[in-house]
Amino acid sequence: MSVSTDTERIFRIGGYVKRAKLNLRNEREIRAFHRNAIERRFGDFEGGTLVDVYIDITGYKETAKRPEMLRLMRDCADGKVNLIFAETKGYLSANTREFCYWLHFIFNLKERVDIITDDDKFNINTILNADKQREALIKMAEDYIYLNPPDHQKWLNGVVSAITNLREDG
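Each value, and the rule that gives it
Residues numbered from 1 in each chain as written. Predicted model: local features only at pLDDT ≥ 70, side-chain atom pairs only at ≥ 80, totals over all residues. Heavy atoms only, no water. Helix = DSSP H or I, 4+ residues; strand = E, 2+ residues; numbered from the N terminus. Buried < 20%, exposed > 50% of the residue type's maximum accessible area, 1.4 Å probe, protein only. Contact = heavy atoms within 4.5 Å. Areas by Shrake-Rupley, 256 points an atom, 1.4 Å probe, with all protein chains shown as cover. Lys, Arg positive; Asp, Glu negative; His and termini not counted. Charge placed at Lys NZ, Arg CZ, Asp CG, Glu CD. Salt bridge = Lys/Arg side-chain N within 4 Å of Asp/Glu carboxyl O.

Draft legend 1. A look at the overall build of the protein. Per the secondary structure count, the protein includes six helices and four strands. Projected onto the principal axes, the alpha-carbon positions of the protein cover approximately 45 × 45 × 35 Å. In the protein, which comprises 170 residues, the proportion classed as buried is 45%. When contacts within the protein are restricted to residue pairs at least 6 apart in sequence, those whose partners lie at least 24 apart make up 71%. Summing over all exposed atoms, the protein offers an accessible surface of approximately 9500 Å²; the carbon and sulfur share of this is 51%. Averaging the locations of the 27 positively and 27 negatively charged side chains of the protein gives two centres separated by 5 Å.

Structure representation (structure tokens):
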């Protein structure tokens, strides 16, 4: 797989998966399956390397309660990851509120972070940015935040606090 862009960038890829809590009984197999699938997908990626695979198996919908998502967000903020891959946007967030707030966080980091999903009906690919998708997602997130800035600030404070409280190894 190769991605050509206007400016050559080396992508540091973070693969993300969220599975339901009921998958905990098969946790080892689920983690191995998704790790292998993402490693196969990016094994021949000419434009970068796979940094890590982040897998949450939890019943929580809230970003602040998903430790692997928080670790991915921290790694993006630290510049370790600049391309997030998820099979579906549903892995990234459980609802519109979380998705818009999460997008705003990711798209406002110091270093640009891009997103790719493989959804059947609505792929996200902010690298190729067909139809100015990145700009449309930014506008959608900002418009959503405009509806209730105090709620967004509360969400952001909770996420930043949760990221700060992550252990160094996780």
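Draft legend 2. Geometry of the side chain of arginine 66. In this structure, arginine 66 sits in the loop between strand E2 (48-57) and helix H2 (67-77). Buried charged residue arginine 66 carries no salt bridge. Nearest counter-charge: aspartate 56, at 4.1 Å. Look past the residues within four positions of arginine 66 in its chain and what remains in contact with it is Tyr16, Lys18, Asp56, Thr58, Tyr60, Lys61, Tyr91, Leu92, Ser93 and Ala94.

Draft legend 3. Local environment of the environment of arginine 66. Using a relative accessible area of 0% as the deciding quantity, one classes arginine 66 as buried. C-alpha separation for the pair arginine 66 and glycine 79, spaced 13 residues apart in sequence, amounts to 20 Å.

Draft legend 4. Representation of the pattern of salt bridges within the structure. Under the definition given, this model contains 15 salt bridges. Put simply, arginine 35 and aspartate 52 hold a salt bridge, and the shortest N to O gap is 3.6 Å. You can see arginine 35 sitting in helix H1 (residues 27-42) and its partner aspartate 52 sitting in strand E2, a full 17 residues away along the chain. For arginine 35, a relative accessible area of 31% translates into the label partly exposed. The salt bridge involving aspartate 75 is made with arginine 74; its shortest N-O contact spans 3.8 Å.

Draft legend 5. Structural context of the environment of lysine 80. If you trace the backbone, lysine 80 turns up in the loop between H2 and strand E3 (83-86). The partly exposed category is assigned to lysine 80, whose relative accessible area is 44%. Here the alpha-carbon distance between lysine 80 and aspartate 119, two residues 39 residues apart in the chain, equals 25 Å. Sequence-distant contacts of lysine 80, defined by excluding residues within four places in its chain, comprise Arg12, Val51 and Asp75.

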